[in-house]
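Next come the chains, spelled out residue by residue.
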Amino acid sequence: MTSTLDPITFAVLKSAVESIVDDMAYTVMRTARSPIVRDVLDYSTTMCDAEGRILAQAKTVALHLGAVPDAMEALLRHYGDDLAPEDVIIFNDPYDGGMHLPDIFMFKPIFRSDEHIGFSVVICHHCDVGGRVPGSNASDSTEIFQEGLRIPPLKLFDRGVPNKALFDIIRKNVRLPDLVIGDLEAQLATCALGERELLRLVDKYGVDQFRSFLGEFLDYGERLTRNEITEWPDGDYSFTDYIDGDGFSKAAIPIKVTITVKGSQLNVDFTGSSPQVKGAINSTLSFVKSATYLAIRCVLDGEVPNNSGVYRCIDVSAPKGSLLNPDFPAPVAARALTGYRVADTVLGALSKIVPGKVVAAGEGGNSVVCLGGYDKTTHEPFIMVDMINGALGARATKDGIDAITNPSQNMSNMPVEVMESTYPVRIEEYGLRPDSAGAGATRGGLGVVRQYRLMADEAVLQLRADRYETRPYGLFGGEPGAASRNLLSSDDGAFDLLDSKVTRTVRTGDVIRHEQAGGGGYGLPLERNLNAILEDVLDGKITTEHARQFYGVVIEGKGLNQAATEALRASMTKASAGGSV
């Protein structure tokens, strides 16, 4: 395509659109009411053109954004030309454009005079949308009807007039209506900001020049992506990873992918993956697409824009009735776990195509600890949804990063101060988990430990974790990361090991402990730099026993002073792995 824009104007417009979605992201954070949005940052913002094609995405929850094209398709299928200025559309139905019920999509069509030029889009994970358990996110639901309020594509505002009936239905069906409505209002404010800033841009450059830019920008994303894929070796590349049961059965659940590279096009086929399961870890195909796009985007050059042009180069398919494309009314509340594993699986296949660009498996996605109940004095409900973000797998030239959000998420651990001041819990431990990193020439990142004591009389505990049995994989000789664990205090003060996915009642004084998996290692452990091993021992990240078992290095002495440490470090540079230092 011959460009009609000079390079400087193109670059200015590109940066302007990308700045708008980042400003939208900050607006959500500053105006949201619930901690899961405001502090954990479980939300996303994006901008689409009038045809629903993504123009730019903020650096928010990556797994939301690749699902926007399917959501836009559902919106346009329902409303077509029945869109007007000041309309606002929301929905969350996984079987009609959504992902799972807590994630409510909001779209505001943007008009200049009577001409439709785009949409501002905000997705927020709401603290509750009703259903059988507080937080609406249980792994052990068995059908979508148990999971909460299903909203098909509906107008929350019709030409600026609020839909009072829809607002009332939402208020009556959620446990924390003030927080839910408050977060919807944050989404409204953010959509309005996106509209204002895009119109300001269009007014400056004109509709014709802006439309020309839109086409060229999407083509630019496609062109850069195809240029990279063309350099990849043609062929079929397969990988299989596993989820450790669905909460009803402990049988490993396979996710299998085959990536076919042919010229500048990728075909990503999930044939061979598990049929849909009884528990709520089934995933919509839109979410599977999003996880796939994300994994592939992670190995592309940083200059490739995050727009729909990239998606033109990638075809994604999964068998109907499978875990990754379930039939109605399969439950999907805990589908995020499956999305994380899809990303791990696709990256595993990509490690055979572009090995230097792929990291070993991380902690397996966030672990969710949800406590819901009622205050014994006021009888007001509380719902704490803590998403524990863990560890990055080792990289080809660097260790994995300790206690960092999974690339699929870009979220934050909830601050202890916020948690203890908002909910009836006390945090008794929050830190790194020693020896959790997979050994390698470069080691994985360390996972996180969180320990909670319930101060309320009673609560419903929901735990959603994984990587109990199938640990985060290492690459090219690297060891897997440590397995995760859920623990609950027993009457004698000891801890009992729980399953990876739990819904149960807990009572005052009970202590819940989650030990997250660590990231996998990269390369042979015996090739690790000896100084790096010593530094990890001195920092308390690995024990001397771990150093001996995985690196063949025996470190003698405890409580080393500075002089002894320096002498030991000097001797290690001359030692060989397997020697005593």
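From a predicted model like this one, the values you see are computed outputs, not experimental measurements. (Residues numbered from 1 in each chain as written. Predicted model: local features only at pLDDT ≥ 70, side-chain atom pairs only at ≥ 80, totals over all residues. Heavy atoms only, no water.)

Engineer: Sorry if this is basic, but what is going on with the layout of surface pockets here?
Structural biologist: Where empty space is left becomes clear once a probe the size of a water molecule has been rolled over the atoms. Size it by volume and the largest pocket reaches roughly 1100 Å³. L294, R297, C298, P407 and N410 are the residues nearest the centre of the largest pocket, which is lined by 49 residues in total. Those elements that place two or more of their residues in the lining of the largest pocket are α1 (7-31), β2 (54-57), α3 (62-65), α8 (285-298), α9 (308-311) and α10 (335-350). Considering only enclosed or pocket space, the second largest pocket measures out at about 360 Å³ in volume. Forming the walls of the second largest pocket are 19 residues, and the residues nearest its centre are D375, E380, P381, F382 and T422. Taken together, the elements giving at least two residues each to the lining of the second largest pocket come down to α6 (177-205) and β13 (381-388). (1 Å grid on protein atoms, 1.4 Å probe; cavity = no way out; pocket = protein on both sides within 12 Å on 5 of 7 lines; lining within 4 Å. Points joined across faces, edges and corners; volume = space filled by probe spheres on them. Helix = DSSP H or I, 4+ residues; strand = E, 2+ residues; numbered from the N terminus.)

Engineer: Would you mind going over the pattern of salt bridges with me for this structure?
Structural biologist: A side chain with one charge may pair with a side chain of the opposite charge, provided their charged atoms come close. In total, this model carries 48 salt bridges according to the counting rule given. One salt bridge connects R341 with D344, and the closest N-O pair in it is separated by 2.9 Å. Of the two residues, R341 and D344 are both situated in helix α10; the distance of three residues between them amounts to about one turn of the helix. Look at R341 and you get buried, because its relative accessible area is 0%. (Salt bridge = Lys/Arg side-chain N within 4 Å of Asp/Glu carboxyl O. Buried < 20%, exposed > 50% of the residue type's maximum accessible area, 1.4 Å probe, protein only.)

Engineer: Would you explain the sheet that holds strand β4 (residues 103-112) in this entry?
Structural biologist: Note: strands within a sheet are paired through backbone hydrogen bonds, in either parallel or antiparallel orientation. If you trace the seven strands from one edge of the open sheet to the other, you get β2-β1-β5-β4-β3-β6-β7, paired in antiparallel fashion. This sheet does not close on itself; its edge strands, each paired only once, are β2 and β7 (161-162). As paired elements, strand β1 (residues 43-49) and strand β5 (residues 115-125) share seven bridges and run antiparallel to each other. Bridge pairing links D49 to G118 in β5. (Pairing = 2+ DSSP bridges.)

Engineer: Can you help me understand the pairing of strand β17 (residues 485-489) in this one?
Structural biologist: Successive side chains on a regular strand alternate, one facing one side of the sheet and the next facing the other. With respect to burial, β17 is a largely interior element, four of its five residues being buried. Bridge analysis of β17 against strand β18 (residues 495-498) gives four bridges, and the strand direction is antiparallel. By the bridge assignment, S489 is partnered in β18 with F495. With antiparallel pairing between neighbouring strands as the criterion, β17 and β18 make up a hairpin whose turn holds five residues, including G493 at a positive phi of roughly 90 degrees.

Engineer: Just to check I follow, could you spell out the packing of helix α5 (residues 164-173) against α6 for this structure?
Structural biologist: To characterise two packed helices, one gives the angle between the axes of the helices and the distance between these axes. One can describe the packing of α5 onto α6 by two numbers: an axis separation of 8 Å at closest approach and a directional angle of 140 degrees. Accordingly, the angle class assigned to the pair α5 and α6 is oblique. Crossing of α5 against α6: the hand is right-handed. Counted together, F167, I170 and R171 of α5 and P177, D178, V180, I181 and L184 of α6 form the full contact between these two elements. The residue inventory of the contact of α5 with α6, partitioned by class, reads six nonpolar, no polar and two charged. (Axes fitted to C-alpha atoms, helices over the stretch in contact; angles between N-to-C directions. Parallel < 35°, antiparallel > 145°, perpendicular 65-115°, else oblique. Left-handed = near helix turned anticlockwise from the far one by under 90°. Contact = heavy atoms within 4.5 Å. Nonpolar A, V, L, I, M, F, W, Y, C, P; charged D, E, K, R; others polar.)

Engineer: Teacher, can you tell me more about empty space enclosed by the protein here?
Structural biologist: Under the counting rule described, the total for this entry stands at four cavities of 30 Å³ or more. For the largest cavity, the calculated volume is near 140 Å³. Together, 19 residues line the largest cavity, and D42, H64, R335, A336 and Y340 are the ones closest to its centre. Residue assignment for the lining of the largest cavity shows that the elements contributing at least two residues are α3 and α10. Looking at the lining of the largest cavity, the element that brings in the most residues is α10, giving three residues. Residue composition of the lining of the largest cavity, grouped by class: eight nonpolar, seven polar and four charged. One number sums up the size of the second largest cavity: a volume of about 50 Å³. Forming the walls of the second largest cavity are 13 residues, and the residues nearest its centre are E363, G365, S367, A465 and D466.

Engineer: Even after reading the chapter, I still don't get the packing of aromatic side chains, so can you show me in this structure?
Structural biologist: For any pair of aromatic rings, geometry is given as the distance between the ring centres together with the angle between the planes. Scanning all chains against the criterion turns up 14 aromatic pairs. Consider the rings of F157 and F167, whose centres lie 6.0 Å apart with planes at 85 degrees: the pair is edge-to-face. Here the residue F157 occupies a position in strand β6 (residues 154-158), and F167 occupies one in helix α5, the gap between them amounting to ten residues. The exposure class assigned to F157 is buried, which follows from its relative accessible area of 17%. (Phe/Tyr/Trp six-rings, centres within 6.5 Å; stacked < 30°, edge-to-face > 60°.)

Engineer: Explain the environment of D241 to me, please; I cannot follow it from the model alone.
Structural biologist: In this fold, D241 is placed in strand β8 (residues 235-243). What makes D241 buried here is its relative accessible area of 3%. With near-sequence residues (within four places) excluded, D241 lies in contact with I253, P254, I255, R341, D344, T345, R467, T470 and Y473. Polar side-chain contacts of D241 include one of 2.9 Å to the side chain of R467. (Polar contact = N/O pair within 3.5 Å; in protein donor to acceptor, adjacent residues only side chain to side chain.)

Engineer: What is the right way to read unusual backbone geometry from this model?
Structural biologist: For residues other than glycine, phi is negative in most cases, and the peptide bonds are mostly trans. In this model, F328 is joined to P329 through a cis peptide bond whose omega is 5 degrees. Relative to the elements of secondary structure, P329 occurs in the loop between β11 (314-317) and α10. Phi is positive for S136, which is not a glycine, with a value near 60 degrees. The residue S136 is located in the loop between β5 and β6 in this model. Owing to a relative accessible area of 4%, S136 belongs among the buried residues under this scheme. Although it is not a glycine, N410 adopts a positive phi angle of roughly 55 degrees. Relative to the helices and strands, N410 resides in the loop between β13 and α11 (416-422).

Engineer: What is the right way to read the sheet that holds β8 from this model?
Structural biologist: If you walk across this open sheet you meet the four strands as β8-β9-β10-β11, and the pairing is mixed. Of all the strands in the sheet, just β8 and β11 have a single pairing partner and so form its edges. For this sheet the average axis-to-axis angle between neighbouring strands, irrespective of direction, equals 15 degrees. Two elements, β8 and strand β9 (residues 253-262), share nine bridges in a ladder whose sense is antiparallel. From the neighbouring strand, D241 faces β9, where its bridge partner is I255. Seen against the sheet, α8 touches β10 (265-269) and β11 and runs at an angle of roughly 140 degrees to β11. Of the strands in this sheet, β8 and β9 touch α10, which is tilted by about 145 degrees from β8.

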